[in-house]
Amino acid sequence: MTPHDLRIFLVKAKLTQAQLATICNVDVRTVRRWVDTKKDELPQDAIDKIELAEYRGRFKTSPKINLG
């Protein structure tokens, strides 16, 4: 999952960065760091938090997480 994918997911799921932070149990600044990163992939901690939230069924729309 790239930062761009995360931004698209937020729009499709109609979530704000603050809502994602609450769902993933992190600070809003952390979500902003994930979204604004200049790397091709999200940091592993971001992927882990998003996967855990998805596993717990906290999203109405599933994010497309690419693990390989």
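Because the structure is predicted, anything quoted here is derived from the model rather than measured.

What counts and how
- Residues numbered from 1 in each chain as written.
- Predicted model: local features only at pLDDT ≥ 70, side-chain atom pairs only at ≥ 80, totals over all residues.
- Heavy atoms only, no water.
- Salt bridge = Lys/Arg side-chain N within 4 Å of Asp/Glu carboxyl O.
- Helix = DSSP H or I, 4+ residues; strand = E, 2+ residues; numbered from the N terminus.
- Buried < 20%, exposed > 50% of the residue type's maximum accessible area, 1.4 Å probe, protein only.
- Expected span 1.5 Å × (residues − 1).
- Arc of directions from axis to C-beta.
- Contact = heavy atoms within 4.5 Å.
- pLDDT = per-residue confidence, 0-100.
- Core = buried A, V, L, I, M, F, W, Y, C linked by side-chain atoms within 4.5 Å.

Novice: Is there a simple way to explain the pattern of salt bridges in this structure?
Specialist: Close approach of charged atoms allows side chains of opposite charge to pair. Taken as a whole and assessed by the stated rule, the structure comprises two salt bridges. Across the pair D45 and R33 runs a salt bridge, and its minimum N-O distance is 3.8 Å. A residue pair is termed long-range when its members are at least 10 positions apart, and D45 in helix 4 (residues 44-55) and R33 in helix 3 (residues 28-36) qualify at 12 residues. Since its relative accessible area comes to 45%, R33 is described here as partly exposed.

Novice: What's the story with helix 4 in this structure? I'm lost.
Specialist: Residues spaced three or four apart along an α-helix point in a common direction, a consequence of the helix completing one turn every 3.6 residues. Helix length check: helix 4 (12 residues) gives 16 Å between terminal C-alpha atoms against 16 Å at 1.5 Å per residue, within 8%. Those residues of helix 4 not exposed but buried are A46, I47, I50 and A53. Taken around the axis of helix 4, the buried residues stretch over an arc of 130°, which confines them to a single face. Looking at the packing, one finds that the buried side of helix 4 touches helix 1 (3-12), helix 2 (17-24) and helix 3. At the C-terminal side of helix 4, G57 shows a positive phi close to 75°.

Novice: It is not clear to me how the confidence of the model for the protein chain should be interpreted in this structure. Could you clarify?
Specialist: If pLDDT is low for a region, its predicted coordinates should not be looked at in detail. Overall, the prediction assigns the protein chain a mean pLDDT of 85, with 93% of residues at 70 or greater. Across the protein chain, the element-wise mean pLDDT spans from 87 in helix 4 up to 93 in helix 3.

Novice: Is there a simple way to explain the nonpolar core in this structure?
Specialist: Among the nonpolar cores identified, the biggest contains 18 residues, and L6, L20, C24, W34, L42, I50 and F59 are the most heavily contacted of them. Counting only elements with at least two residues in this core, the list comes to helix 1, helix 2, helix 3 and helix 4. Each residue touching L20, except ones within four places of it in the same chain, is listed here: L6, L10, V31 and F59.

Novice: Help me out: how do you make sense of helix 2 in this one?
Specialist: Those residues of helix 2 that fall on the buried side of the exposure criterion are L20, A21, I23 and C24. The buried residues of helix 2 all sit within an arc of 165° when viewed along its axis, so they share a single face. Looking at the packing, one finds that the buried side of helix 2 touches helix 1, helix 3 and helix 4. The positive-phi residue at the C-terminal boundary of helix 2 is N25, with phi of around 60°.

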